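As a plain string of letters, each chain reads:
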Amino acid sequence: MTTKFSGILTLLLAFIVQISFAQEKTISGTVTDDIDLPLPGVNIIVKGTNSGTQSDFDGNYSISAEVGQTLVFSYLGFTTQEVAITPSTNTVNLQLQPDAAELDAVVVTGYTRRNQTVQTSAVVAISAEEINQLTPTTSIDNLLQGKAAGVQVTAANGKPGQGAFVRIRGMGSLVAGASSPLYIVDGAPIREQDLASIANEDIENITILKDAAVTAQYGSRGANGVVVITTKSGNRNTEAKVRFSSRYGVISKTKDNFSMMDAEQKMQYEAELFALGVVAAGSRPGVTTAPGSPERQFLLDNANDWQDVLLKDGIVQSNNVSFSGGAEKVDYFFSVGHDRNTGIIDNINGFERLNTRLNLNFDAKEWLSVSANVGYSRSLSDEPRDRNNVQNPFRAMYIYNAYEPEFQLDENGNPELDANGDPIYNPTHQGFSIRGALLSEPENTITNVTLASVNTTVKFTDNFTYTFGTAINHVNYRRESYSKPGGILQNLIGDPDFPGLKTDNGAQRLDMTLSNRLNYSLNSESGHNLNVLGLFEYNFNENNFYRVTSRGFPSALLTTQINAAEVTIGSTNRNRLTLLSYGLFADYNFREKYLASASIRTDGSSNFGKGKEFGTFYSASVGWNIAKEDFFAVDAVNDFKIRASYGTVGNRNGIGRYAPQDLVAFGAYPGGSATIPANVGNPELQWETTETSNIGVELNMFNNRLRTVVDYFKRNTTDLLFTIPTADESGVGGIGGNLGEIENTGFEVSLQGDIIRKPSFTWTMGGNAGFMDNKIIELPDGEDIIPNAFNILYREGEALNQHYLLQYAGVDPNTGAPLYFGEDGGTYRFDDLPESESDNRVLTGKSSIPEVEGGFFTNFSYKGIGLRADFIFKAGNYINNFNRAAIETDGVSPNGNHHVGAFNYWQQPGDTNVLPSPIYRTEVQASDRFLEKGDFIRMRNIVLSYNFPSALLERSPLNSLRVYVQGQNLLTFTEFFGDPEVGISSGETIDFVNTVAPGEATLFSYPQTKSFQVGIDVSF
C-alpha cells in the first residue's frame, strides 16, 4: 500500500513540475549600456525560437517566455548576453558591456566591412540615427555638408530636388565632371545627379572614403573619393516592426541682407540720374511724371513688391512607412515613401517623388545565402530652367521696378482684358512678362530610377567564401518643354502660321556591374586576423538619347507631338563605355595593435587608345594602436592609433567616350548631306593618375567621451586629362590629351565630446574643419588657360580657380570717377590705362575654392527632450557677385530697379566710401569691384524633439513615439552682399554636371530657402 501511494505521489509531483516548467510568463525590464544610459533597439530573442522583440527608446522591453527558456540580448558594439528564465523570474534589468571587437563594425568600405578599431585609412561614417536628426533634403548629398573634415559640400542652389557639389580633399581634375566622388548604393554605382531618387528614411549608413588606402579598391572610379550608401535591412528572429514617419512644413526664400528701392525711391533715383545727364533715364516715370501729379500717384497706388508677386511660401511634406523583421534564416525591409517640395515660385508645383524599396536576405542552404536589394523611385518637377535672361523669375524679382504692375491697367487701375476675358500681362520695361511666361511656357521632367543589386554567397569552409554580385542602375528620363500657342514667348518670336512649339527630349541610361569575389578570412586564437579578397568585375554603361521638336499646335491643351503640324527636329544618339577590372585586397591585424592593409587593382577602360586601356593602381597602409600595448598603462586613453597610407588611383572622366578615335558627324548642306569633322582622335590617351599620402592620428579618451581624429594629406594628380586647344582652321575645338599636374594638400581635424553623459541627461558637442591648399604644377606647354566665361584663369605655380580681373582702385574723391590699377601698379581712369596684352587684368590671388570649411553641432537630451543645432561654415573663398552688379549699375542701366545703396554715389569733392558718380558711367568696367569674400556661418539645422517614455505607451500598441519641430537655414552670419552659399551661378551658363569648381559667381540661380517643419516618428 505504501509503495503504491509513493508511486502516485511521485507521478503527481512530476506532473506539477512539468506544468510549472511549461508555464508561460511575461518578462520585462530595462537594458542599459556600461554607463547606465538606456539602449534602444536591443534585440531580445527567446533562444531557439523565432519569438523576439526590441527595447524601446528608454531601453524598456517586454517579452513572453516559458520557464526554462533562455533570453538572448544582443546589440551592435556590445557583448551578447544570455539570461535563463526561472519560476521566480519576472524582471530582468541588464547592463550590456562594450565589445571592442564589434564596437565600430558599421564602417562599410563597399567591398568589405571593417571594424573602425583596425581601420588604417581616413573614413567617416554617418549613421541612420544621425541622419534622422539632420535637415531633411530631397537629395542626400546635401546631408554630408559639415559632417566630415576635408569634404567640401556646396549646395548647388535652393531648387527642390537639386543636389550638392561634393569635393573630397580638393579638386582632383581641371575638366568638367571629373572631380565628383563615386557614389555606391548597395553595390550599385549611381550618378551624382540621381541621388534625389533615394529616400533619407531608407538609409542605414553613409561612409565617406577619403584616402587611397580604401579608394584604390575602386581603381579608376575612386580618384576623387568614394561615398558608400548602405540601405536598411531587417533583424533576424524578431517580430515585424512597423515604422511611420511624417513631416509637414513651409519654406520661403532666405531674407536678403539688403533692400530694393520701392516705387517712390526708384522714381527719385531716376530723376537724380537725369539731372546728372543720364539721358536714358529721361523716358522713365521719375522724369516723365511730376511729384504729386495724378500720374505719379497712380503709379504709387498700384505699386507692388515683385518678390511677393512671383514667389510664395511653399510646402514641404514627407510620409514614409516601413516594415522590417525576420525569422531564423531570413530578414526583410520594405518601405514606401512620398516626398513633396513645392518650391517658392508661384504657380509652380515643384518637386515630387514616390519611392519604394525591398531588401531581403535569406539563407537558402547552410552553405548558400542570397541578398537582394531593389529600390525604385519616380520623381516629377516643373521648375523653370535656370537661365540668365528675361525668362528667369529670380532675376525679374530684382530688376522689375516696383511701379510696374503685374497686369496692364486701365485708367481706374483695373486689369485690362483680352478677347478671352483674361487679364493682359504687363511686359514691363524688359518687354517680357515672366509672370505670364511661367504659365504659358511650362516645362516638366519625369525621372524613373531603378537601383537593384543581388548577391549570392557560397560558403566553402568557415574561411573561404565566394560571392557573385549583380548591380543595376537604370534611369529613364524625359523632359517636355512647351511654348503654348498665344503664349508670352510665342507672341514675341513665334510663327503665326505655326503657333506653339514643343520639345521632348530624354534618355535611357543603364549601368550594370557584374562582380566575382573570392574571400578568405582567418581569425586565430593567437591574435592573428587576416582577410584577403580577390575581385574580377565587369561594368557596362550605355546611354540612349532622343530629341523631337515640333511646331503648329491647334490648341494650348493639346501637348503631344502627334498634334503638331510639322516636326522640325528629330534625332537619336547612343554611346557606350565599359570597364574590366581585376583586384586583390588584404587586411591584417594582430590583436588590434598592429594593423596593415594593401590592395592592387587593374582597370581596363574602353575610352582609351589601343595599348593604353589598362592601368594598375595600388595602395598600402599601416597602423599602430599604442593604447593596446601592455606598456601603455594610461587608463584615461581608450584608443591611441597612429596610421599612414599611400596609394594611387586613376581617372577616366572628363573626356569623351570615343576620344581616342577620329570621328565625323553628318549634317545638311545646300544640295545634299555633308560630312563634318567631329573629333580629332588621340590614340595616346591614357589614365589620369592621382597619388595620395596620408598620416593620421585617432585618439579616444575618458571611456570614449572625448573623440579626436587628425589627418594630414598630400594629393598629386598627374597626366591630367585635358582638352588641348587647336587652331581654328582645324574645325574642332580641341584634342584630348594628357598634360598637366595639380597638387592638393590639407590638414583635417575632428573633435567630439560628451560634456555630460548621465542616464537622464546627455550633452554632446563636436565639430570638424578642413584646411585646404592647392597649386597648379604644370599646364599644357606652360600656357595660361581660361576655362569658362567667369574670368577664371589657370596658371602654373598658382592656386586653382583664381579670379582674373582688372583691379578696381575705388573712387577718385576729387572727381567721383572710378579708378583702376594698371598692370604696372599705377592708378588710372579707365581711358588712361596703359596698353596691355592682358587688358590690365591680373591674377587677383583670390580663388573660388575656400581655404577652410567645416561644421559644428551641439546636442542636448534630457528625459526624452532633445535639442540639436548644426552649423556649417566656410572661409577664404571669393565670389564674383554679378547679382550685385546688376542692381548697382552707376547709371549704366537706369531702366531696371536698384538696391537703396545705389543712392550712395559721389556728389562733391572729398566724398569717400561712395559709389562712382553716374556722370562717369561709360568708365564703369568689369573688374574685381564686385569680387567679394564668401565667408559665412550658417545654422543649417535646429530640431527640438520629444520621445515619449515607455510608461506612457505601455497600454498602447506603440513601441516608440517621437514628435519634433525643425528649422533650416534660420540664421546666417556673413558680410557678403546677398546669400553667400553659392553653388551654380546659372544652370544654363555652366550646369551642375559641367561645373569644375562651384561658387565662382552669382547669376540669379534658384535662391536658398529656409523652412519650419513639424514631424512625427512612430513605431509599433
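Definitions and cut-offs
- Residues numbered from 1 in each chain as written.
- Predicted model: local features only at pLDDT ≥ 70, side-chain atom pairs only at ≥ 80, totals over all residues.
- Heavy atoms only, no water.
- UniProt positions renumbered as here; feature names shortened; annotations may be inferred.
- 1 Å grid on protein atoms, 1.4 Å probe; cavity = no way out; pocket = protein on both sides within 12 Å on 5 of 7 lines; lining within 4 Å.
- Points joined across faces, edges and corners; volume = space filled by probe spheres on them.
- Helix = DSSP H or I, 4+ residues; strand = E, 2+ residues; numbered from the N terminus.
- Nonpolar A, V, L, I, M, F, W, Y, C, P; charged D, E, K, R; others polar.
- Salt bridge = Lys/Arg side-chain N within 4 Å of Asp/Glu carboxyl O.
- Buried < 20%, exposed > 50% of the residue type's maximum accessible area, 1.4 Å probe, protein only.
- Contact = heavy atoms within 4.5 Å.
- Polar contact = N/O pair within 3.5 Å; in protein donor to acceptor, adjacent residues only side chain to side chain.
- Phe/Tyr/Trp six-rings, centres within 6.5 Å; stacked < 30°, edge-to-face > 60°.
- Lys NZ or Arg CZ within 6 Å of the ring centre and 35° of its normal.
- Pairing = 2+ DSSP bridges.
- Axes fitted to C-alpha atoms, helices over the stretch in contact; angles between N-to-C directions.
- Parallel < 35°, antiparallel > 145°, perpendicular 65-115°, else oblique.
- Expected span 1.5 Å × (residues − 1).
- Arc of directions from axis to C-beta.

The protein chain has the name SusC/RagA family TonB-linked outer membrane protein in an unreviewed UniProt entry, where Planktosalinus lacus is given as its organism. Under the UniProt heading Subcellular location (unreviewed entry), the note attached to the protein chain is "Cell outer membrane".

A.B. asks: Tell me about empty space enclosed by the protein, and name the residues and values.
C.D. replies: Under the definition given, this model contains 8 cavities of 30 Å³ or more. Taken as a whole, the second largest cavity encloses approximately 260 Å³ of empty space. Going through the elements one at a time, α2 (128-133), β17 (238-253), β18 (314-326), β19 (330-341), β20 (351-365) and β48 (960-973) are the ones with two or more residues in the lining of the second largest cavity. Broken down by element, the lining of the second largest cavity gets its largest block of residues, 4 residues, from β17. A breakdown of the residues in the lining of the second largest cavity according to their chemical character gives 6 nonpolar, 13 polar and 7 charged.

A.B. asks: Pulling in residues and values, what's your account of the pattern of salt bridges?
C.D. replies: Scanning the model with the defined rule gives 51 salt bridges in all. Glu 443 is the partner of Arg 479 in a salt bridge, and the nearest nitrogen-oxygen pair spans 3.1 Å. Here Arg 479, found in strand β23 (residues 464-483), pairs with Glu 443, found in strand β22 (residues 443-459); they are 36 residues apart in sequence, far enough to count as distant. Pair check on accessibility: Arg 479 and Glu 443 agree, each one buried. Arg 940 is the partner of Glu 981 in a salt bridge, and the nearest nitrogen-oxygen pair spans 2.3 Å. Note that Glu 981 is positioned in the loop between β48 and β49 (1001-1002) and Arg 940 in strand β47 (residues 936-947), a separation of 41 residues in sequence. In this structure, Glu 981 and Arg 940 share a single accessibility class: buried. Overlapping salt bridges bring together Arg 884, Glu 888, Asp 890, Arg 929 and Glu 932 as one network.

A.B. asks: Give me the lowdown on the environment of Arg 643, citing residues and values where you can.
C.D. replies: With respect to the secondary-structure elements, Arg 643 resides in strand β29 (residues 637-651). A relative accessible area of 2% means that Arg 643 is categorised as buried. Excluding residues that lie within four positions of it along the chain, Arg 643 makes contacts with Gln 119, Thr 120, Ser 121, Ala 122, Val 622, Gly 623, Asn 694, Ile 695, Gly 696, Glu 698, Val 709 and Asp 711. Of the polar contacts made by the side chain of Arg 643, one reaches the side chain of Asp 711; its length is 2.8 Å.

A.B. asks: An account of unusual backbone geometry is requested, with residue identities and associated values reported.
C.D. replies: Phi at Arg 591 is positive, roughly 50°, even though this residue is not glycine. You can see Arg 591 is positioned in the loop between β26 (566-590) and β27 (594-605). Although it is not a glycine, Asp 719 sits at a positive phi angle of roughly 50°. Relative to the assigned elements, Asp 719 resides in the loop between β33 (706-718) and β34 (721-725).

A.B. asks: Can you tell me about the environment of Val 370, naming the residues and giving the values?
C.D. replies: Within the secondary structure layout, Val 370 lies in strand β21 (residues 368-381). Judged by its relative accessible area of 18%, Val 370 falls in the buried class. Each C-alpha atom, one on Val 370 and one on Ala 149, is 36 Å from the other, the two residues being 221 residues apart in sequence. In this structure Val 370 touches Leu 360, Asn 361, Phe 362, Asn 455 and Thr 456, once residues within four positions along its chain are discounted.

A.B. asks: An account of the packing of aromatic side chains is requested, with residue identities and associated values reported.
C.D. replies: All told, the structure shown has 26 aromatic pairs when counted by the stated rule. On the basis of an interplanar angle of 80° and a centroid distance of 4.8 Å, the ring pair of Trp 306 and Tyr 400 is categorised as edge-to-face. Of the two residues, Trp 306 is situated in helix α7 (residues 306-310) and Tyr 400 in the loop between α8 (393-399) and α9 (434-440); the sequence distance between them amounts to 94 residues. Here Trp 306 matches Tyr 400 in class, with each residue buried. Members of the aromatic cluster, each reached through a chain of ring pairs, are Phe 258, Tyr 398, Phe 977 and Phe 1004. Between the NZ or CZ atom of Arg 868 and the centre of the ring of Phe 857, over which it lies, the distance is 4.5 Å. Between the NZ or CZ atom of Arg 929 and the centre of the ring of Tyr 808, over which it lies, the distance is 5.6 Å.

A.B. asks: Quick one: what's the story with the sheet that holds strand β10 (residues 123-127), residue by residue and with numbers?
C.D. replies: Spatially, 5 strands are ordered β10-β15-β16-β13-β14 in an open sheet, and the strand pairing comes out mixed. The two strands at the open ends of the sheet, each matched to only one other strand, are β10 and β14 (188-190). With direction set aside, neighbouring strand axes in the sheet form an average angle of 20°. Pairing analysis gives 3 bridges linking strand β13 (residues 182-185) to β14, with the strands arranged antiparallel.

A.B. asks: Report on the sheet that holds strand β2 (residues 43-46), specifying residues and quantitative values.
C.D. replies: If you walk across this open sheet you meet the 4 strands as β3-β2-β5-β6, and the pairing is antiparallel. On the outer flanks of this sheet lie β3 (52-54) and β6 (81-84), each paired with one strand and no other. Direction aside, the axes of adjacent strands within the sheet are offset by 20° on average. Where β2 and strand β5 (residues 70-74) come together, 4 bridges link them in antiparallel fashion.

A.B. asks: Pulling in residues and values, what's your account of the pairing of β2?
C.D. replies: Side chains Asn 43 and Ile 45 project from β2 onto one buried face, and the interleaved Ile 44 and Val 46 project onto a second face that is buried too. Where β2 lies against β3, 3 bridges are found, and the strand directions are antiparallel. Across the sheet, the residue bridging to Ile 45 is Gly 52, located in β3.

A.B. asks: So what's going on with the side chain of Ser 179? Residues and values would help.
C.D. replies: Looking at where Ser 179 falls in the secondary structure, it is placed in the loop between β12 (164-168) and β13. If sequence neighbours within four positions are ignored, Ser 179 has contacts with Val 166, Arg 167, Met 171, Gly 172, Ser 173, Asn 224 and Val 996.

A.B. asks: Could you give me a rundown of the packing of helix α4 (residues 263-275) against helix α6 (residues 294-301), with the residues and numbers involved?
C.D. replies: Two numbers describe how α4 lies on α6: the axes approach to 9 Å, and their chain directions differ by 135°. If you check the angle between α4 and α6, you find them oblique. Facing Ala 263, Glu 264 and Met 267 of α4, the residues of α6 in contact are Arg 296, Leu 299 and Leu 300.

A.B. asks: Could you give me a rundown of the pairing of β13, with the residues and numbers involved?
C.D. replies: Burial along β13 is two-sided: the face carrying Leu 182 and Ile 184 and the face carrying Tyr 183 and Val 185 are both buried. Examined bridge by bridge, β13 and strand β16 (residues 226-231) share 4 bridges and lie parallel to one another. Looking at the pairing, Val 185 lines up with Ile 229 of β16. Taken together, β13 and the strand that follows it, β14, pair antiparallel across an intervening segment of 2 residues, in which Asp 186 is found at a positive phi of about 50°.

A.B. asks: Give me α4: which residues, what numbers.
C.D. replies: Between its first and last C-alpha, α4 extends 19 Å over 13 residues, near the 18 Å set by a 1.5 Å rise per residue. Of all the residues in α4, the buried ones are Ala 263, Lys 266, Met 267, Tyr 269, Glu 270 and Leu 273. For α4, the angular spread of buried residues about the axis comes to 155°, placing them on one side. Opposite the buried face of α4, at more than 90 degrees from it, the exposed residues are Glu 264 and Ala 275. Turning to α4, the residues buried within the fold contact α5 (285-288) and α6. The residue sitting at the N-terminus of α4 and contributing the capping side-chain oxygen is Asp 262; that oxygen lies 3.3 Å from the backbone nitrogen of Glu 264.

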